[in-house]
Structure formats: C-alpha cells, structure tokens
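Results of the structural survey
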Amino acid sequence: MKQELGTRVRSNLAIGCLIAACGLWACDDGAETNNVNNVNNVNNVNNVNNVNNVNNVNNVNNVNNVNNVNNVNNLNNHNGFCLPMPAPDGPVVTVGPAQAGDLRRIVAEAPEGTTIALQDGFYDLSGGDEAARLSFHTPGVALRGASGVREDVILDGAYVTGELVSIQASRVMVADLTLRRAYYHPIHVSGTPGNSIENVVIYNVVIEDPGEQAIKVNADGDGYADHSAVRCSRITLSDEGRGHIRNNCYTGGFDAHLARGWELSDNFISGFWCEAGLSEHAIHAWSNCRDTLVERNVIVDCARGIGFGLGETGASRPWEDDPYPGITYAGHLDGLIRANFIAASSAALDASDSGFDCGICLEQAHGTWVAHNTVAATITPFSAIEWRWDDTLVFLYNNLVTHNLRDRGGVSTREGNVEGFDAACFTDLAAGDLHLDGACVLAPVSEVPGSRAPQDIDGETPASRVAGADWP
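Every value quoted in this text rests on a predicted model; they were computed, and no experiment measured them.

1. Details of the nonpolar core
Counting residues in each nonpolar core, the largest one holds 81 residues, and the members touching the most others are Ile-116, Leu-118, Leu-155, Ile-167 and Leu-362. Once you skip the residues sitting within four places of it in the chain, Leu-155 turns out to touch Leu-103, Leu-118, Tyr-123, Leu-125, Leu-134, Leu-143, Leu-164, Thr-178, Leu-179 and Arg-180. The next biggest cluster of nonpolar side chains, apart from the first, holds 20 residues, and it includes Phe-268, Ala-467, Ala-469 and Trp-471.

Encoded structure:
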C-alpha cells in the first residue's frame, strides 16, 4: 500500500519551494504556449526574473555567461551541459583551510559583490551553528571553490552544525565546492519577514549525506525565496549517511515550499531512501509552489523521484493574480517537468519498507506539464508516473516508462506515452544512463504543444522524436 509522508517540518521553519526560471531551451512566448496557462506561462516563466537574464551575481559570477554557450553544461558528465564558471571580475577574498574557524565572520563581513574564493582543502565546520554556520545576509556575495574542482574543496559539518550555508539575501551564489554532513540542511534558502529574496544560484556543488533535506527552500512569513536555480550539482545519500537519517526517513534532495520560479537542471541525485520510512523526493516542490522547471536531471535509486505537491490539503501563498479561481487547493501551480532520467535498480531499495514508490508524483498539481521523461526500473514501483486528488490538472506527453502510469484522481491529458517498455533497452540502467541502446525501436511521436520540450536530455533535436528523454 502506498505510504503518505506527512507535512512534518521543524516548527521554526516556514518551508519554501525552489524557483523555476525559464531554461535555456524552454524560452518560448508563442501564442499556443500562452493559451495554456495565460499568466503562468512555463515557457516564458517570469520574464523579468529569467535565470538567464537575472542570475547575475553583480557581474561577478554570471550564470548567464555560462549559458550563452549553446547548452548549459554538465560537470556531472551525463550530458555535456555544464561549463566551468568564468573568473570573478569583482573583489575577491581568498581563504584557505586554516581559516575555517574565521569563515563565518568572513562571510558576514563581505561587502556586496564580493567573491569568497576557497582554496583546495578540508574546512572543518563542526563547531555548531553559532560558530560555523555560514550566514549570507548581504546581497550579491559568492562562495566559490578557487580551483573550480568541486571535490577538492570540502566543507564538513560532522553532523554537529545544523546548517552549513544559510542564505537570506538575493543574488547569492554557491559554486564549485563540496558540502557534507550537516545535521539538518547543507544549504537552506529563505526570505525574511517583509523581505523576499531571489536569484540565488547553486552551481556545480556536491552535497553528501545531509541529515535532512540537502537543499531546503522556505518562506518566513511573507518573505519568500523565488526565481533561483540549482544547476550542474551532485546530491547523494550514501549507505553510511543513511544511518544518520532520523524521524521516519525525513530526508530528500531538494525540498521547497511556497516558492515560485525555481529551476533545477542538469543535476545528478541518488540514494534517497531508508530501510524504514518513506523519504521525500529527489526533487520536491510543494506547499503551493509555482512555475518550477525541472529538466535534464538524472535521478538514481531514490524512493521518490520528482514530486509536485504532496497531500490533499496544505499551506497556500496569496497570489495576487489568482491564476485558477475556484480550485480548493493546489499543491503546485503550473510548472514543467521535462527530459529527465529516473532509474531504480537497487535490491536494497526494493527490500526496504517503502521500496520504489514513484518516479514522478503529482498531487494537487494544477496546470503542470510532464513531457519526454524516461522512468525505468528493474524493480517494481507503485507507479512510474502518478497523479492524485480532485484539483489535479496535468498534461502528460511522450513519457517512456518501464512500468505504469497510475490515475489516482483529477484531470489528465495524455498523449504519446509508452508504458511497459523493456528495461533491457537502456545503455546502463543501474548507473542512470537511460539512453536507448539502439537495439529497441520506438515509433515517432508528435511535438509537445507550445514547444515545451524542444530538445532531449542531450540538447539534441533530431529529425523525428520518440517518447522519453533520449531521441536517437
């Protein structure tokens, strides 16, 4: 029987949701797209706050400079989408591992526009939150590994410090480094009462073994965290780290509430499950999040892959435009999930209490598009893709799954999806490489309305497309 995860949240957090901005390949303001969700056009998500235009950390670490090279870049090497960051062109403060005890102060005192460049080495941040948490309250400050090799700059909380990086300011960047073993969240992004923030960039970061969610996005009262991005990062929970998870498997990769316009692209996420209890998702935007874009991610052996919404009711944010009058509750508004690989083959995951629950899970998701994703498993999920509750309104186009689509309520439009596909047809399912191996043939499918999925996971546009995220 499918288990439900309650809305357990530490009382001092007013959970938020990752910002989905218009992706490189997504931007399209054609009339057909606009007719779908008028105000909430996913393909023209937040023109004013477009990550490709706005994620400029004072021209110091402009992600847009990276994205101007035809594809975004993937230092995870699953699709060649991620390029190295350009060098800082503003003030730089260089810090070495011996200064780990001063790093909290250095971050707090950094003026707007500063890049804090961390030299290679191990930074002991196990002194607890009062001594070691890096709190960003000044806009436009960047924390980067100086060498660009993210595995060579390690910030470790040893499960003592609750949060390693706490962001409460706009235009903050964290890039090219490793964060591991926070008691709660390695990265926590939140507005403050009366002060919403935006344009936070998390780029080419490794996050290992969080005690709870790896990246948490919250609101604090009416202070929201919007229009931000997590790109080209690697987020994992190991067997050793799994032993530190508490509270009925209260963990996950990315977890956002009450947030608008987050983009999650070109990330690798794996291992989020427990022997007992049901983990949250590898990528989860809920509690009335809006306009989230999830594309070109590889998710391996997680109990739940991508989730929009959770539960029949929950917290809501006041939207001035009231995009869907008359619906009782939306766990997620609009948004786009496209060109992702989601794979599960772990015997240990299969033997756990919850097993492989769902690949893409939509609960009270209203206006959401799910297109050209591949969900493949050698173990049996409850559902490869599912949608649930009466206020759900989803559009499912050209998805390729080895198991089942499951209708659990709401309204769905479905075209071009393929169920029951042979798991042997993929290059390396266990590693999450769900490219077709060439021996299996799929019939061509039609383009997704509004050009919502113009390219596959590799950024390719062949003459004809097939179901799933790889178009051979």
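So, next bit.
2. Description of the confidence of the model for the protein chain
Here the protein chain averages 86 in pLDDT, and 83% of its residues register 70 or above. Counting interchain partners and residues more than four positions distant, the pLDDT-below-50 stretch residues 1-78 has 287 contacts.

3. Notes on the pattern of salt bridges
Counted according to the given criterion, the structure contains 20 salt bridges. For the salt bridge of Glu-151 with Arg-150, the shortest nitrogen-to-oxygen distance reads 3.2 Å. Accessibility expressed as a relative area gives 43% for Glu-151, which makes it partly exposed. When salt bridges with common partners are traced through the structure, they connect Arg-260, Arg-290, Asp-291 and Asp-321 into a single cluster.

4. A closer look at the packing of aromatic side chains
Tallied over the entire structure, the rule returns five aromatic pairs. Aromatic pair Phe-254 and Trp-262: ring centres 5.6 Å apart, planes at 50°, arrangement tilted. Classification of Phe-254 as buried rests on a relative accessible area of 1%. The buried category is assigned to Trp-262, whose relative accessible area is 0%. On the numbers, 4.4 Å between centres and 10° between planes, the contact of Trp-369 with Phe-395 is stacked. Residue Trp-369 is found in strand β29 (residues 365-371), and its partner Phe-395 is found in strand β32 (residues 393-397); the two are separated by 26 residues along the sequence. When its relative accessible area of 14% is taken as the criterion, Phe-395 is described as buried. Taken together, the ring pairs in this structure connect Trp-369, Phe-395 and Tyr-397 into an aromatic cluster. For the cation-ring pair, Arg-317 lies above Tyr-224, with the distance from its terminal atom to the ring centre recorded as 3.7 Å. Sitting over the ring of Trp-369, Arg-452 keeps its end group 3.9 Å from the ring centre.

Cut-offs and rules
Residue positions are counted from 1 within each chain, in the order its sequence is given. pLDDT decides what is reported in this predicted model: residues at 70 or higher carry local features, side-chain atom pairs at 80 or more are listed and counted, and totals for whole chains, interfaces and linings draw on all residues regardless. Values shown for side chains rest on all heavy atoms present in the structure; no hydrogens or waters enter the calculation. By convention a nonpolar core is built from buried Ala, Val, Leu, Ile, Met, Phe, Trp, Tyr and Cys residues, the set being connected through side-chain atoms within 4.5 Å. Think of it in three bands: with a 1.4 Å probe and only protein chains considered, a residue is buried below 20% of the maximum accessible area for its type, exposed above 50%, and partly exposed in between. The contact rule is simple, with two residues in contact once any of their heavy atoms fall within 4.5 Å. On a range of 0 to 100, pLDDT expresses the predictor's confidence in each residue. Counted as salt bridges are all cases of a side-chain nitrogen of Lys or Arg within 4 Å of a carboxyl oxygen of Asp or Glu. Each pair of aromatic rings taken from Phe, Tyr and Trp, with Trp reduced to its six-membered ring, is defined by centres within 6.5 Å and is described as stacked if the planes are under 30 degrees apart, edge-to-face if over 60, and tilted in the remaining cases. Helix and strand assignments follow DSSP, with helices taken as H or I runs no shorter than four residues and strands as E runs no shorter than two, numbered in order from the N terminus. Only when the NZ atom of a Lys or the CZ atom of an Arg is both within 6 Å of the ring centre and within 35 degrees of the ring normal do we say a charge sits over the ring.

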